[in-house]
Amino acid sequence: MLEADIAKHFREAEMVLIGVGEELRPDGTSERSDRIIRALNTLPPFLRGKTYFVVSQNSDDLVFRSNLLPFFIAEPYGPKENSACSEEQWNTYLRWISGTLGHRLLLLELGVGFASPELIRWPFEKITQINMKSNLIRVHASFPQLPKELVETGRAYSIQCNSIEWLEELKQWDEKADQKEDA
């Protein structure tokens, strides 16, 4: 049932806001970095035809190596040499988010814990409370909890799973959907 609900929210969303957290941080090995990039690359098919933005609390620029459009990515804690770019992208993000009110917005929070909750976790909760046409999906292995008020609305979903593994499963959902269409 949860898989069907999430798939429905992806289909019906006009706009998607993706938060990338510490579960998607590299550990210095190319294997993990490659796995994260592959996991992030599962998102573009679900975003086709939608306006989206990605905000990352990481500082490694790894999200920019994915197939997500760089213009729609903000990484405010990114490398200092990119600080002007980070500030410009942050302002682009703020303008984008101000235009989401009243639109069917899906907020997808991937691996965001409490390292910097003021950047993604708390704002995503607030946006979901304010925009009655929004839905929040929080994926985290250790901290998937949601405020009671959001759960009671039926517009917020908590998934206790490592976000990389969840994205890998999402790719399988897409492949199942393709098989159903071909049948």
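Residues numbered from 1 in each chain as written. Predicted model: local features only at pLDDT ≥ 70, side-chain atom pairs only at ≥ 80, totals over all residues. Heavy atoms only, no water.

Visitor: Which parts of the structure should I look at to understand a nonpolar patch on the surface?
Guide: Taken together, the side chains of Phe114, Trp122 and Phe143 make up a nonpolar region of the molecular surface, amounting to roughly 330 Å² of accessible area. For Phe143, the position within the fold is in the loop between strand 5 (134-139) and helix 6 (148-153). For Phe143, a relative accessible area of 37% gives the class partly exposed. (Patch = residues over 30% accessible without salt bridge, like charges linked within 9 Å, V, L, I, M, F, W, Y side chains within 5 Å. Areas by Shrake-Rupley, 256 points an atom, 1.4 Å probe, with all protein chains shown as cover. Salt bridge = Lys/Arg side-chain N within 4 Å of Asp/Glu carboxyl O. Helix = DSSP H or I, 4+ residues; strand = E, 2+ residues; numbered from the N terminus. Buried < 20%, exposed > 50% of the residue type's maximum accessible area, 1.4 Å probe, protein only.)

Visitor: Explain helix 1 (residues 2-12) to me, please; I cannot follow it from the model alone.
Guide: Helical geometry note: an α-helix holds 3.6 residues per turn, so side chains three or four residues apart project in the same direction. What helix 1 keeps buried is the set Ile6, His9 and Phe10. Buried residues of helix 1, seen end-on, are gathered within an arc of 100° and therefore sit on one face of the element. (Arc of directions from axis to C-beta.)

Visitor: Looking at this model, I keep getting lost on the pattern of salt bridges. Mind explaining?
Guide: Side-chain pairing between opposite charges can occur once the charged atoms of the two side chains come close. Applying the stated criterion across every chain yields a total of seven salt bridges. One salt bridge connects Arg121 with Glu109, and the closest N-O pair in it is separated by 3.8 Å. Of the two residues, Arg121 is situated in helix 5 (residues 121-130) and Glu109 in strand 4 (residues 105-110); the sequence distance between them amounts to twelve residues. Residue Arg121 is classed as buried on the basis of its relative accessible area, which comes to 2%. Residues Lys148 and Glu152 are paired through a salt bridge, measuring 3.9 Å at the closest nitrogen-oxygen approach. One end of the pair is Lys148 and the other is Glu152, both in helix 6 and four residues apart, which spans about a single turn.

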